[in-house]
Amino acid sequence: MMIKGPVGGRSEAVYEFGPFRFEPEESRLLRDGRPVPLAPQSVETLRALVEHSGSLITKQELMDRVWPDRFVEENSLNKCVSELRKALGDRRLDPLFIETVARRGYRFLPGVRRPAPGPMPPIVANGPQVRPITVRVTVEMTLDEGQPRPGEDEIARRIAIALAGGGARGERRDLRRRATRDTHAYRLYREARCHVLRYTSTAWRKSLECYEGAIAQDPSFALAHADLAISSALACLYYTSSEEVRQRARSAALQAVAIDPGLGEAHLAMALVRCLLDWDWDGAERSFHQALALDPEQAWSHDYYGLFLMLMGRFREALPILERAVHLNPIRIAAKGDLGLYHLFTGAVEGSLSHHRRALELDPFCGLKRVDYARTLERAGRPDEAIAEGRATLQIDDVPWARVWLARAHALAGRPEEARRILVPLGTAGVSPVFPALIHAALGEPAEALVLLDDARARRSPWMAFLRVEPGFDALREERGFARLQRRVGLAP
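So, here is what we can say about the structure in this document. (Residues numbered from 1 in each chain as written. Predicted model: local features only at pLDDT ≥ 70, side-chain atom pairs only at ≥ 80, totals over all residues. Heavy atoms only, no water.)

**Quick look at the sheet that holds strand S8 (residues 105-108)**
Sheet architecture is open: three strands sit in the order S6-S8-S7, paired in antiparallel fashion. The sheet is open, and its two edges are formed by strand S6 (56-58) and strand S7 (98-101), each paired on a single side. Pairs of neighbouring strands in the sheet enclose a mean axial angle of 30°, with direction left out of account. Where S7 meets S8, four bridges bridge the pair, whose relative direction is antiparallel. Bridge assignment links Thr100 to a residue of S8, and that residue is Tyr106. On top of the sheet, helix H3 (residues 74-88) reaches S7 and S8; it is set at about 145° to S7, its chief contact. (Pairing = 2+ DSSP bridges. Helix = DSSP H or I, 4+ residues; strand = E, 2+ residues; numbered from the N terminus. Axes fitted to C-alpha atoms, helices over the stretch in contact; angles between N-to-C directions. Contact = heavy atoms within 4.5 Å.)

What follows is the structure, given as C-alpha cells:
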C-alpha cells in the first residue's frame with residue numbers, strides 16, 4: 001500500500017486514495033494537486049492510519065504514536081480524527097476513509113493505491129505553480145541556571161510553537177506552567193488528568209493515586225497539589241463523605257497557594273474548598289476572582305465560577321461566564337454539562353436536555369453527565385425515560401448519585417416500593433445524608449427529608465451549597481424547617 005522511490009536523493013513513502021495524495025515525509029496532503037492544510041499531529045495520525053490501511057489501530061496505539069513523550073487526553077486524538085475527516089470530506093456514520101470502531105479505535109478503509117514511481121506532480125495553487133522552499137531558522141533559547149538541556153523533540157516543539165506565533169493556548173500554558181523538572185512527576189500528573197476527565201468513581205480513585213505519586217516524586221509541584229485539591233473537593237460531592245478526603249482537599253489547596261501564589265489553579269482549588277467544604281461564600285468569590293485574574297483563559301475557572309454564581313442565585317451573571325468556559329474549551333464535557341444545569345435550575349428543561357445531549361456526544365460513557373441527563377428527564381415529567389437512563393448509567397458507573405435519581409424516578413412514576421428498595425442501602429453507603437433526603441422528598445415524606453438535611457448540615461455536606469437551586473428540593477421549600485436550614489448555611493432565600 002506504499003511505495004518508496006528516490007526523490008531528491010532520499011527515500012520517501014507516498015500514498016494515494018480517492019483524489020488525495022499523501023506525502024508524510026513532507027507533511028503534505030494534496031487533493032487534486034492542491035494542498036490541504038493539516039496540523040502536525042493530524043499528519044502523524046493520518047500516517048499511522050494509512051500505513052495500516054484495512055487494520056484496526058486502537059486509540060492507545062495512536063496516542064502512543066502521535067504523542068510518544070506526553071500523556072494526553074483522548075479528546076486530543078478525537079480532535080485530530082475530526083480534523084482529518086473534515087479535510088477528507090469524510091463522514092463518521094457513513095465513512096469513505098476513516099471508520100470508527102466503537103470504544104476501541106479506528107480503521108483506514110482499504111483503497112490506498114501504489115502510484116508508479118516518477119517525478120513529484122506539481123502543486124496547484126490558485127495561480128502560478130508553487131515550488132517548495134527550504135528555510136533555515138536560527139533560534140536562541142535561554143535556560144535557567146541548573147535547568148537540564150531539553151531533548152531534540154522538546155527543542156523542535158518549542159521552535160514550532162514559536163514560529164506559529166505562540167501556538168494553541170493549552171500548549172503555551174503547558175510550556176509556561178509545567179512547574180516541575182521531574183519528568184516522572186509530570187507524567188503521573190498528566191495520567192491523573194486523563195483519569196479525571198472520564199468522570200467515573202473508578203477513574204477518580206486512579207487519579208488520586210497518580211496525583212499523590214506526582215507529589216511524592218516532586219513535593220514542590222504546585223499544579224499537582226492544586227489539581228489534587230480540586231479533584232478531592234469534587235469527589236466529596238459525588239463519591240465519598242470521607243473526612244480524610246475533605247482534609248486532603250483543604251491541605252492540598254493550602255499547599256498549592258503556599259508553593260506558587262501566582263498559579264491560577266491554586267486559587268481555583270481554594271475557591272472550591274471555601275465554597276463546597278467551608279461555605280465561606282465571600283472567601284470563595286475572592287479566590288475565584290484571583291484565579292481568573294491570574295489566568296483569564298482557564299476554562300476550569302470560568303466553569304466553576306459560573307457554577308458558584310448559580311449556587312448564589314445570580315443566574316444573570318452566571319450565563320456569560322459558563323458560555324465563556326465552553327468557548328475556551330469546546331470539548332470540555334463538564335462545561336457543556338454545567339450549561340445544561342443552568343437551564344435546569346432556571347426551569348428551561350428542554351434547553352437543559354439539549355445541552356446535556358451535546359455533552360454526551362463528546363463522551364457517551366461519562367457517568368456523571370448521564371446522571372444529570374437522567375435527573376433532567378425526571379424534571380421534564382418523563383420518569384420512564386429517566387429510569388431507563390439511570391439503569392444505563394449504573395452499567396457504566398455504579399455510583400450512589402445515579403441511584404438517587406433512579407429511585408426518585410421510580411417514586412414519581414408511582415412505584416414507591418422500588419424507590420424504597422434503592423433507598424435502604426443508601427443509608428449505610430457512607431454518602432451524604434442529602435442523597436436519601438432527595439428520595440424521601442420525591443416520596444412525599446418532607447419530615448424525614450428535613451431530618452436528613454439537618455444531619456447533612458451538621459456534617460457540612462457539600463450538597464448543602466445547592467439548597468437554593470436544586471429542583472429536587474422544591475417539594476420542601478414551603479416547609480419552615482427548610483428556610484431555617486438555608487439561613488444556617490448562609491443561603492437565606
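On we go from here.
**Section: the packing of aromatic side chains**
Evaluation of the coordinates by the stated rule reveals 24 aromatic pairs. Residues Tyr189 and Phe221 carry aromatic rings whose centres are separated by 5.4 Å and whose planes lie at 55° to one another, so their mutual orientation is tilted. Taken as a pair, Tyr189 in helix H6 (residues 183-196) and Phe221 in the loop between helix H7 (201-217) and helix H8 (222-238) lie far apart in primary sequence, 32 residues in all. Among the residues examined, Tyr189 registers a relative accessible area of 5% and is labelled buried. Ring centres of Trp401 and Phe435 lie 5.0 Å apart, and the angle between their planes is 40°; this geometry places the pair in the tilted category. Here Trp401, found in helix H18 (residues 400-412), pairs with Phe435, found in helix H20 (residues 434-442); they are 34 residues apart in sequence, far enough to count as distant. (Phe/Tyr/Trp six-rings, centres within 6.5 Å; stacked < 30°, edge-to-face > 60°. Buried < 20%, exposed > 50% of the residue type's maximum accessible area, 1.4 Å probe, protein only.)

**Quick look at the layout of surface pockets**
By volume, the second largest pocket is sized at about 1,500 Å³. In this structure, the second largest pocket is lined by 42 residues; those nearest its centre are Lys59, Glu74, Asn75, Asn78 and Asp363. Where the lining of the second largest pocket is concerned, the elements lending two or more residues are helix H2 (59-66), H3, H6, H7 and helix H15 (349-362). Looking at the lining of the second largest pocket, its residues break down into 16 nonpolar, nine polar and 17 charged. (1 Å grid on protein atoms, 1.4 Å probe; cavity = no way out; pocket = protein on both sides within 12 Å on 5 of 7 lines; lining within 4 Å. Points joined across faces, edges and corners; volume = space filled by probe spheres on them. Nonpolar A, V, L, I, M, F, W, Y, C, P; charged D, E, K, R; others polar.)

**Here's the deal with the nonpolar core**
Trp401, Leu453 and Phe466 are the most contacted members of the largest nonpolar core, which totals 124 residues. Apart from residues no more than four positions distant in its own chain, Trp401 is found in contact with Tyr238, Leu368, Val371, Asp372, Arg375, Phe435, Leu438 and Trp463. (Core = buried A, V, L, I, M, F, W, Y, C linked by side-chain atoms within 4.5 Å.)

**A closer look at helix H21 (residues 446-458)**
For H21, built from 13 residues, the straight-helix expectation of 18 Å at 1.5 Å per residue is met to within 8% by its first-to-last C-alpha distance of 18 Å. Ala449, Leu450, Leu453, Ala456 and Arg457 are the residues of H21 that are buried. Seen along its axis, H21 keeps its buried residues to an arc of 115°; they face one direction. With respect to the buried face of H21, the exposed residues turned more than 90 degrees away are Ala447, Val451 and Ala458. Residues of H21 that are buried make contact with H20 and helix H22 (480-488). Just past H21, the residue Arg460 takes up positive phi, approximately 55°. (Expected span 1.5 Å × (residues − 1). Arc of directions from axis to C-beta.)

**Side note on the pairing of strand S4 (residues 28-31)**
Pairing of strand S3 (residues 20-23) with S4 involves four bridges; the strand directions are antiparallel. Among the inter-strand pairings, Phe22 is bridged to a residue of S4, identified as Leu29. In this antiparallel pair of consecutive strands, S3 and S4, the connection spans four residues, and Ser27 shows a positive phi of 50°. Once S4 ends, the chain turns through two residues before running back antiparallel as strand S5 (residues 34-36), passing Asp32 with a positive phi of about 50°.

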